[in-house]
Every structure is written in C-alpha cells, then in structure tokens.
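Remarks on the overall topology
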Amino acid sequence: MHIVGILLAAGRGERFGGAKLLADVQGEPLLNHTIRSLLDGGVGRVVVVVPPVSAMMVPLLADARVKTAVNPDPERGMFSSIQAGASGAVGDLLLILPGDMPFVRPATIAALLEAAQETGLAVSPRHQGRRGHPLALPGRLRAAILAGKADSTLSAVLAADGIARIDIDVDDPGILKDIDTKDDIGQ
C-alpha cells in the first residue's frame, strides 16, 4: 500500500513570532520531529507544503522520501495547503498533519493507518474524548480535494463525498498539542 503524508507548513507562525517550524525542539528543528513521526509511523512519502518564499533548512527535507510543494496563496487558509499537497500526493492513503505538531507519536500514525486500511474510511485520533490530528483519508478523495472550491474546507469535501469519519482512541496527548507560541514548546 502506498501511503503519502501531507505536512502543512505554509503558515506564517505569527503568534510564535515567525520561523516557528525551525524552532529548536530537543536539539533539532520542530519540523524535523513532525516529518520523522510520519516516516517512523509508516508513511512512505511526505509532501511538505511550504509558502512561495521559503528558506527552511531542515535536515529531513533532504531525505529522498520527502518532497516539497508550494502553496502559491497560503492566505486562502489551510484547505489551500491541503490542495497544494494533494497535487503531489498520489497514494492509497493520505495522511494530513499540520507541521507544527511535533509531538504526535509514530505509534499513533501507525494505528491511524491500520484503521484506515481496514475500514476504508476517514480516521482521526481521539485522546481523552478530544479529536486531534492527523487525519487519514482514502486516496480516492484526492480528486475531490483538488476539485474543491477556493473557499471550501476539507470537512465540506468529506461531507460532499459522503465518506464516513471515525475516531480511534489513542494514548497520545501529542495529537492535541500544536505549537502556537514559544511557551508551547516546553509544555
């Protein structure tokens, strides 16, 4: 099975003060942790969506399994980054994860992929009753994502397609922890 991760990294990180994805987390760039979680969790290829002007120097961006895709207009919002990533993500399963979530465990990625393979549905992780990220999707939704209107959302695409979304319980608080400010790194 061909599994592709779409890593959303085109935001400006304004609340953080800029360069959020390059911030030091345990001795390496934040984005490196997020990429590694996907690769170690069973994703075969990662598409990192970046803004039009990006000077990210992250070691794992040089990995042969990782490529970048440019979101020409990230101001349109997260769905525009999902579309930019989907344009280069052909696979049986797609896994969408914001780039500022370095604490998602590889075991959680593996569990989501297994549930998505078994059910053929959209699958989200849930920790202590709260739904988090990433989201696993059947690869057949790629065409619907790419065809989505500029003002659409991923939820609207899922609803229009009629695909069911299920949650699986995981013991991973990282699915709920995105990095918005410098204080979030140490928590």
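One structure accompanies this document, and this report is about it. In this text, all values refer to a predicted model and were calculated from it rather than measured experimentally.

Digging into the overall build of the protein
- For the protein, the count of helices and strands is 6 helices and 10 strands.
- Residue burial in the protein is summarised as follows: out of 187 residues, 52% are buried.
- A fraction of 69% describes how many contacts in the protein between residues 6 or more apart in sequence connect residues 24 or more apart.
- Split by element, the accessible area of the protein, about 8,600 Å² in all, is 51% carbon and sulfur.

A few points about the side chain of S37
- The residue S37 is located in helix α1 (residues 30-40) in this model.
- S37 has contacts with V104, R105, P106 and I109, leaving out every residue within four places of it along the chain.

Overview of the environment of T119
- Relative to the elements of secondary structure, T119 occurs in helix α3 (residues 106-119).
- In this structure T119 comes out as partly exposed when scored by relative accessible area, which is 37%.
- In this structure the C-alpha to C-alpha distance between T119 and I166, which are 47 residues apart in sequence, comes to 9.3 Å.
- A polar atom in the side chain of T119 sits 2.8 Å from the backbone oxygen of A115.
- Only 3.1 Å separates the side chain of T119 from the backbone nitrogen of L121, close enough to count as a polar contact.

Overview of the pattern of salt bridges
- Inspection of the entire model under this criterion finds 7 salt bridges.
- For E28, the salt bridge is made with R36, and the minimal N-O distance between the two is 2.8 Å.
- Take R36: its relative accessible area is 30%, and that puts it in the partly exposed class.
- With a closest N to O distance of 2.8 Å, R65 and D63 form a salt bridge.
- In this structure R65 comes out as partly exposed when scored by relative accessible area, which is 39%.
- Sharing partners across several salt bridges, the network here consists of R126, R131, D167 and D169.

What about the nonpolar core?
- Formed by 34 residues in total, the largest nonpolar core has its most connected members in I35 and V48.
- Looking at this core, the elements that each hand over two or more residues are β1 (3-8), α1, β4 (45-50), β6 (93-98) and α3.
- Counting residues in hydrophobic clusters, the runner-up holds 23 residues, among them A10, A69, A86 and L94.

Cut-offs used in this document
- Residues numbered from 1 in each chain as written.
- Predicted model: local features only at pLDDT ≥ 70, side-chain atom pairs only at ≥ 80, totals over all residues.
- Heavy atoms only, no water.
- Helix = DSSP H or I, 4+ residues; strand = E, 2+ residues; numbered from the N terminus.
- Buried < 20%, exposed > 50% of the residue type's maximum accessible area, 1.4 Å probe, protein only.
- Contact = heavy atoms within 4.5 Å.
- Areas by Shrake-Rupley, 256 points an atom, 1.4 Å probe, with all protein chains shown as cover.
- Polar contact = N/O pair within 3.5 Å; in protein donor to acceptor, adjacent residues only side chain to side chain.
- Salt bridge = Lys/Arg side-chain N within 4 Å of Asp/Glu carboxyl O.
- Core = buried A, V, L, I, M, F, W, Y, C linked by side-chain atoms within 4.5 Å.

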